[in-house]
Amino acid sequence: MSNLARVTVVNVGYRSTNYWVVSAGTSRLLVDLGWPGTMSRMLAYLTRMDVPLEQIRYGLATHYHIDHAGLAQELKRAGVPLLVLDVQVPAIQAMKTWIKPQDNYVDITLQDNVTISFPESRSVLERIGIAGEIVHTPGHSDDSVSLLLDDGSVFTGDLTHPAFAGEADAEIVAASWRLLRDRGATRVYPGHGPVRPMHADVAV
Ligand SMILES: [Zn+2]
């Protein structure tokens, strides 16, 4: 499908949350961005997994909840641009509602992010050597997105497992999983828990 290099994936997660580093050689994308107040821990895990911070071309939050986007601003300050989908902008502001002073959260500024639409995502990723796209997968939250690679890997954040979707959001969750399956997802890298095959998530 593409002559871009094969990507590799490592997990630099902690506190029951996965933070995935997707690499095309030394060009890397960090998917989900740490708990607030844990920058030194994030840096230690990146070092442990041999990921130099300066090789991370973008940080992407699958959605703006504190366990997935808590270090976004600190990563920006350290030189990692924040890639934001346009549907996520309102959620960046809303996230603050859940934060307590003792979380040591650093507020995310809006004017200095790389804000794109879903159709733009493929070319943005291609420029950093990654073959894939970012798709809108609401269900857990309206701003939830998934990174879907052309090799079938999909990074779904907290997209609710269909078996655990409540009655109110069952339809929307099922539609998101169907979209991923129809676009070729085969292997799920969730925001919490182990990597699993796609067929375990979509019964139809
Ligand atoms: Zn969440």
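Relevant structure appears above.
Small disclaimer: the values here were computed from a predicted structure and weren't measured.

**Q** Sorry, what's going on with the overall build of the protein chain here?
**A** Assigned secondary structure in the protein chain consists of six helices and 11 strands. For 204 residues, the compact-globule estimate of 2.2 N^0.38 gives 17 Å, and the protein chain sits close to it at 16 Å. With respect to the principal axes defined by its C-alpha atoms, the protein chain has extents near 45 × 40 × 30 Å. Per-residue burial over the protein chain gives 54% buried out of 204 residues.

**Q** What is the right way to look at the side chain of T62 in this model?
**A** Within the secondary structure, T62 is located in the loop between β4 (56-60) and α2 (66-69). T62 sits in the buried class, given a relative accessible area of 2%. In this structure the side chain of T62 is engaged in a polar contact, spanning 3.0 Å, whose partner is the side chain of H63. Setting aside anything within four residues of it in sequence, one finds T62 in contact with V31, D32, H68, Q88, D143, S144, V145, F155, T156 and G157.

**Q** What am I meant to see in the environment of D32 here?
**A** Position of D32 among the secondary structure elements: in the loop between β3 (27-31) and α1 (39-48). Classification of D32 by relative accessible area gives buried; the value is 1%. Through-space distance from the C-alpha of D32 to that of V87 is 16 Å; in sequence the pair is 55 residues apart. When sequence neighbours within four positions are dropped, the list of residues in contact with D32 reads N18, Y19, L60, A61, T62, H63, H68 and G157.

**Q** What am I meant to see in the nonpolar core here?
**A** Burial of nonpolar side chains together is a common tendency in soluble globular proteins. L30 and Y64 are the most contacted members of the largest nonpolar core, which has 30 residues in total. Mapped onto this core, the elements with two or more residues apiece are α1, α2, α3 (72-77), β5 (82-85) and α4 (89-95). Ranked by residues supplied to this core, first place goes to α1 with four residues. Setting aside its immediate chain neighbours within four residues, L30 contacts V12, Y19, W20, V21, M42, I56, Y58, G59, L60 and L75.

**Q** In this structure, what is going on with the sheet that holds strand β10 (residues 187-190)? I would like to understand it.
**A** Strand pairing in a sheet is mediated by backbone hydrogen bonds. Such pairs are either parallel or antiparallel. Here we have five strands laid out as an open sheet, ordered β7-β8-β9-β10-β11, and mixed in their pairing. In this open sheet, the two edge strands, each paired with only one partner strand, are β7 (132-136) and β11 (196-197). Pairing between β7 and strand β8 (residues 145-149): five bridges, direction antiparallel. By the bridge assignment, G132 is partnered in β8 with L149.

**Q** Is there a simple way to think about the coordination of the zinc ion in this case?
**A** Each donor-metal-donor angle would ideally measure 109.5 degrees in four-coordinate tetrahedral geometry, or 90 or 180 degrees in six-coordinate octahedral geometry. For the zinc ion, the protein coordination sphere consists of H63 (NE2), H65 (ND1), H140 (NE2) and D158 (OD), at 2.1 to 2.5 Å. Seen from the zinc ion, its four donor atoms lie at angles of 87 to 175°, and the figure they make is irregular. Taken in chain order, the donor set of the zinc ion reads H-x1-H-x74-H-x17-D. Taken as a pair, H140 in the loop between β7 and β8 and D158 in the loop between β9 (153-157) and α6 (170-182) lie far apart in primary sequence, 18 residues in all. According to the relative accessible area criterion, H140 is partly exposed, its value standing at 31%.

**Q** Please clarify how the sheet that holds strand β6 (residues 114-116) should be interpreted in this entry.
**A** Read across the sheet, six strands follow the order β1-β2-β3-β4-β5-β6 without closing on themselves; strand pairing throughout is mixed. The open sheet has two edge strands, β1 (8-11) and β6, and neither has a second partner. For this sheet, the mean angle separating the axes of adjacent strands, direction not counted, is 25°.

Reading the values: rules and limits
Residues numbered from 1 in each chain as written. Predicted model: local features only at pLDDT ≥ 70, side-chain atom pairs only at ≥ 80, totals over all residues. Heavy atoms only, no water. Helix = DSSP H or I, 4+ residues; strand = E, 2+ residues; numbered from the N terminus. Rg over C-alpha atoms; globule rule 2.2 N^0.38 Å. Buried < 20%, exposed > 50% of the residue type's maximum accessible area, 1.4 Å probe, protein only. Polar contact = N/O pair within 3.5 Å; in protein donor to acceptor, adjacent residues only side chain to side chain. Contact = heavy atoms within 4.5 Å. Core = buried A, V, L, I, M, F, W, Y, C linked by side-chain atoms within 4.5 Å. Pairing = 2+ DSSP bridges. Donors = N, O, S within 2.8 Å, 3.2 Å for Na, K, Ca; no water. Tetrahedral: all angles 85-135°; square planar, octahedral: opposite > 155°, others 65-115°. Axes fitted to C-alpha atoms, helices over the stretch in contact; angles between N-to-C directions.

The values are spatial; any link to function lies outside them.
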